[in-house]
Amino acid sequence: VFVTAGTDRRSSGTHYTPRVLTEPIVQHTLEPLVYVGPAEGWPKSEWKLKSAKELLDLKICDMACGSGAFLVQVCRYLAARLLEAWDEIQRANPGQVRYTPEGLPSTGQPGETLIPDDVEERRIYALRIVSQRCIYGVDINPLAVEMCKLSLWLLTLAKDKPFEFLDHNIRCGDSLVGIHDLEQLSHFSLKPNDIDQPLFSGPWLDGVDEAIALRLKLEDLPSNSVEDVERQEKLLKDANEKIARLRCAADLLVSAEFWGESAKDKLERVRHAAVKSGHFVEKGPTEEFEQVAAKERRGQKMFHWPLEFPEVIVKRVGFDAFVGNPPFLGGRYISGHFGTPYLFYAKSQLAGGEKGNADLVAYFYLRAQSLLRDSGSTGFVGTKTITEGDTLDVGLMRLERHGSDFYSADTSRKWPGAASVLYVQFHWSKSIWQGKRFLNGNSVDYIGPQLSGQSATKPFSLSQHIIAYQGCYVHGMGFLLSAQECSELIASDPLSSDCIYPCLTGDEFNTSPTLLGERQVIYFSDFDEFEAKRYKGAWKHVLANVKPERMKYVGTALAQYWWRFKRPTKPLYEAIWNSEQVLVCPVVTKYLSFAWLPSRMILLNKMYAFISATPWSFILLQSSIFDVWVRKWSASLGETLQFAPTDCYVTFPFPYDVGPLNRCNPEYHGLRTEIMSSSQEGLTKTYNRFHNSEEPSANIQKLRELHVEMDVAVAAAYGWTDLHLGHGFHETKQGTRFTISETARREVLQRLLTLNHERYAEEVKQGLHGKGKGKGGETKSKVKKERLSKPKSATPMLFDMEADG
């Protein structure tokens, strides 16, 4: 026995969701399936439990089952309802003969399986039969699959009996990659239509029917002895052999689409795969076909749902329910983690070609929807990001557009335990929901894709002119200099001082009392090698500290221009260095904070700069009104906000009348600077005090009063003289905050969204949105030409995240 470091639970697929979360998810998902009444809108007192046979016919799946937490809870819940159904039969027929698990009277036939009389034996038997007949799980990690089986075995452990046979319904594979409908294989197309001629039909698909018969026979067999389990193993092996060649054909079909480099290449690959598949399916041999399929997969795991679970997908036309906590992976990281072909496949095959950077979890929702029966329901745990940005567009909004109906949701709850994560739990029905809907425990008439009582209508990008630039992406710690390194370098080569600048990161902005960083950075802009070499000291430093790391990327621009930042963002500095100050804010922050800083510095990629911003711009952007809008449309994780200009900045409808903003007291910025300097605390700690109702400082109280004045001025700029802001300490999803009231926040959001749509409609009439338009609606050439021109002070803004791109 030895102990060694292993992979963490999340990356190994064995992260376990606590029971306090699995119980409500499973309960609210399965109630409409086990009772007549919830989906129909009946009072709970009138709900009627379905028959034992109907309960045992249910098929419930977790497509990212991990170590089985949700499936264990499904087993507990269904077994408890099955016991109730059995008890109800016996109460209704006192003194009658014994009953089968399906609730039918015993016929006295030899070998007939009957419900045990002993209470404990009956409980265990209910768990065992449910686990074998009703529960299905898939996971990409083989270890997780074995852990899931183990979890179910421990739950269903029975004296003097072997473990329940689970190999047929707990499987290893990638739930997202593979066919989901037998028609795809029949027509040999991932997007079949009526025009396509079937490649496989008739006798070739008979193997599926034979596999279904064998798997159903397997389900009906008890696991009372080792011999029983061996018979089940034999039936599963026979069933798999019936569809082995079809599985290989499905591998070739998906591989052709997965690895194709262009639409034309994919079409050609599919044609070749069809010819090859037709040959092997007709003539075999299976072993050779499996080798060919393995080569075409190139190591990519797949899972062909109608072949792995044909008794569910083909015979029953889908699962009754999905439950789980599918994996999260930011959309920008999917290609890095799984490869670019994986991301393209997910977008084209699961999301209908939707663009953007949706989180991986959104594709699991779409896959679940495609595998549900029309009467099916789902229950998932997620983070707040599922209701934001591209993930919202690709996931929950797409579900609603295709007929899904959300009937229960609990939002922004703290994850049990030490993890600092807020989670949401939600349920949807594939068909129209006639029952009651509950949002955070309250009865509501409607639950939208954002898991709120409001429609998920999103704001449009507007044609605006003040540019928000993201800072440089350096890609090389060797560019950064400590104070001592900077002094020594300049002493050795004074000319190098011309390419060395102060730099600022988002963390430094949030934590430093001065809002400034302590390091310097070597910045060669877009210099060619000859120009950069003029700064001998700086060149020597990057040659020793940057080039070796960059040479790992031979064949890319990172290696070819190794002395430059990955994204120099030259236009940003050409613009801001012409002025004394620049308005900035961080990307990742607890509190949305803006500040005026000296412009002659390098902002790194976790900072944004606002070119041509004016004093009234600061008042507007630092206000609670803008904060409410940003937190609605930007991503967040717990209390941490991720400022996303494409979602919350270009969409923000600036007021036309900035007079009230120009007349507002300008002391706020200076007082905040004074507070930070005297306490030697950064913005985060300062705003911790600002939002603490027990903070006694007179300066903090004065800062609150000035913040109220700013908010009132912003409301006046919009003409909202009727709006009562209700400033005070209020509970929000981020905790207690000194801000406007919940009623005011909702009203502000609704008014801004309405204004956004009105403004967009006006711009459409002006021809500012349409083909050939760049971000913000103007033509790309015009945007590029006017990007650095100084706009009128009262004109709203244009955002460009990659200005140098």
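Residues numbered from 1 in each chain as written. Predicted model: local features only at pLDDT ≥ 70, side-chain atom pairs only at ≥ 80, totals over all residues. Heavy atoms only, no water.

Overview of the overall build of the protein chain
Thought 1: Scanning the protein chain from terminus to terminus reveals 34 helices and 25 strands.
Thought 2: For the protein chain, the C-alpha radius of gyration of 31 Å lies close to 28 Å, the compact-globule estimate for 805 residues.
Thought 3: For the C-alpha atoms alone, the extent of the protein chain along its principal axes is close to 95 × 65 × 60 Å.
Thought 4: Taken across its 805 residues, the protein chain has 55% of its residues classed as buried. (Helix = DSSP H or I, 4+ residues; strand = E, 2+ residues; numbered from the N terminus. Rg over C-alpha atoms; globule rule 2.2 N^0.38 Å. Buried < 20%, exposed > 50% of the residue type's maximum accessible area, 1.4 Å probe, protein only.)

Concerning the nonpolar core
Proteins that are soluble and globular tend to have nonpolar side chains buried together.
Thought 1: In this structure, F524, I602, F610 and F643 are the most contacted members of the largest nonpolar core, which totals 105 residues.
Thought 2: Here this core gets 8 residues from one element, more than from any other, and that element is helix α32 (residues 698-717).
Thought 3: Not counting residues within four places of it along the chain, the set of residues in contact with F524 comprises C499, A532, Y535, A538, W539, V542 and W563.
Thought 4: Ranked by size, the runner-up nonpolar core spans 85 residues in total, among them L176, L185, L246 and A346. (Core = buried A, V, L, I, M, F, W, Y, C linked by side-chain atoms within 4.5 Å. Contact = heavy atoms within 4.5 Å.)

Details of the packing of aromatic side chains
Given two aromatic rings, one states the distance between the centres and the angle between the planes to describe the pair.
Thought 1: Applying the stated criterion to the full structure yields 59 aromatic pairs.
Thought 2: Both rings, one in F303 and one in W305, keep their centres 4.9 Å apart while their planes meet at 75 degrees; by these two values the pair is edge-to-face.
Thought 3: What makes W305 buried here is its relative accessible area of 0%.
Thought 4: On the basis of an interplanar angle of 90 degrees and a centroid distance of 6.0 Å, the ring pair of W305 and F319 is categorised as edge-to-face. Taken together, the positions of W305 in helix α12 (residues 305-308) and F319 in strand β6 (residues 319-324) put the pair 14 residues apart, joining distant regions of the chain.
Thought 5: The exposure class of F319 is buried, given its relative accessible area of 0%.
Thought 6: Every member of this aromatic cluster is reached through a ring pair, and the members are F594, Y608, F610, W616, F626, W629, W633, F643, Y649, F652 and F654.
Thought 7: Above the plane of the ring of W577 lies R600, whose end atom (NZ or CZ) is 4.4 Å from the centre. (Phe/Tyr/Trp six-rings, centres within 6.5 Å; stacked < 30°, edge-to-face > 60°. Lys NZ or Arg CZ within 6 Å of the ring centre and 35° of its normal.)

A few points about the environment of Y760
Thought 1: Residue position: Y760 is located in helix α33 (residues 742-765).
Thought 2: Y760 sits 88 residues away from R672 along the chain, and the two C-alpha atoms are 36 Å apart.
Thought 3: For Y760, the residues in contact, after removing those within four places along its chain, are F460, S461, L462 and H769.

Concerning the packing of helix α27 (residues 624-633) against α33
Thought 1: As a packed pair, α27 and α33 sit with axes 10 Å apart at the nearest point and diverge in direction by 80 degrees. Here α27 lies roughly perpendicular to α33, going by the angle between them. Residues I625, V628, W629, K632 and W633 of α27 pack against R745, V748, L749, L752, L753 and N756 of α33.
Thought 2: Its residues assigned to classes, the contact of α27 with α33 shows 8 nonpolar, 1 polar and 2 charged. (Axes fitted to C-alpha atoms, helices over the stretch in contact; angles between N-to-C directions. Parallel < 35°, antiparallel > 145°, perpendicular 65-115°, else oblique. Nonpolar A, V, L, I, M, F, W, Y, C, P; charged D, E, K, R; others polar.)

Describing a nonpolar patch on the surface
Thought 1: On the surface, L143, M147, L150 and L154 cluster together to form a nonpolar patch covering roughly 360 Å² of accessible area.
Thought 2: With respect to the helices and strands, L154 occurs in helix α6 (residues 142-155). (Patch = residues over 30% accessible without salt bridge, like charges linked within 9 Å, V, L, I, M, F, W, Y side chains within 5 Å. Areas by Shrake-Rupley, 256 points an atom, 1.4 Å probe, with all protein chains shown as cover. Salt bridge = Lys/Arg side-chain N within 4 Å of Asp/Glu carboxyl O.)

Remarks on the sheet that holds strand β14 (residues 500-504)
One key point about sheets: their strands pair by backbone hydrogen bonds, in either a parallel or an antiparallel sense.
Thought 1: Strands sit in the order β13-β15-β14-β19 across an open sheet of 4 strands; the sheet is mixed. Both outer strands of the open sheet, β13 (480-481) and β19 (602-603), are each paired with one neighbouring strand and no more.
Thought 2: Taken together, the 2 bridges between β14 and β19 define a ladder with parallel strand orientation. Each residue of the ladder has a partner; that of L504, found in β19, is L603. (Pairing = 2+ DSSP bridges.)

Focus on the side chain of H427
Thought 1: By the secondary structure assignment, H427 is in strand β9 (residues 422-429).
Thought 2: With residues near it in sequence (within four places) discarded, H427 still touches P24, I25, H28, T29, T378, G379, D405, F406, Y407 and S408.

Focus: the pattern of salt bridges
Thought 1: Applying the stated criterion across every chain yields a total of 39 salt bridges.
Thought 2: For the salt bridge of D238 with K234, the shortest nitrogen-to-oxygen distance reads 2.8 Å. Note that D238 and K234 are positioned in helix α9 (residues 226-259) at a spacing of 4 residues, about one turn of the helix.
Thought 3: K234 sits in the partly exposed class, given a relative accessible area of 47%.
Thought 4: One salt bridge connects D320 with R316, and the closest N-O pair in it is separated by 2.9 Å.
Thought 5: Assessed through its relative accessible area of 4%, D320 is described here as buried.
Thought 6: Residues joined in a network through salt bridges with shared partners are E102, R133 and D220.

What is shown is where atoms sit, not what they do.
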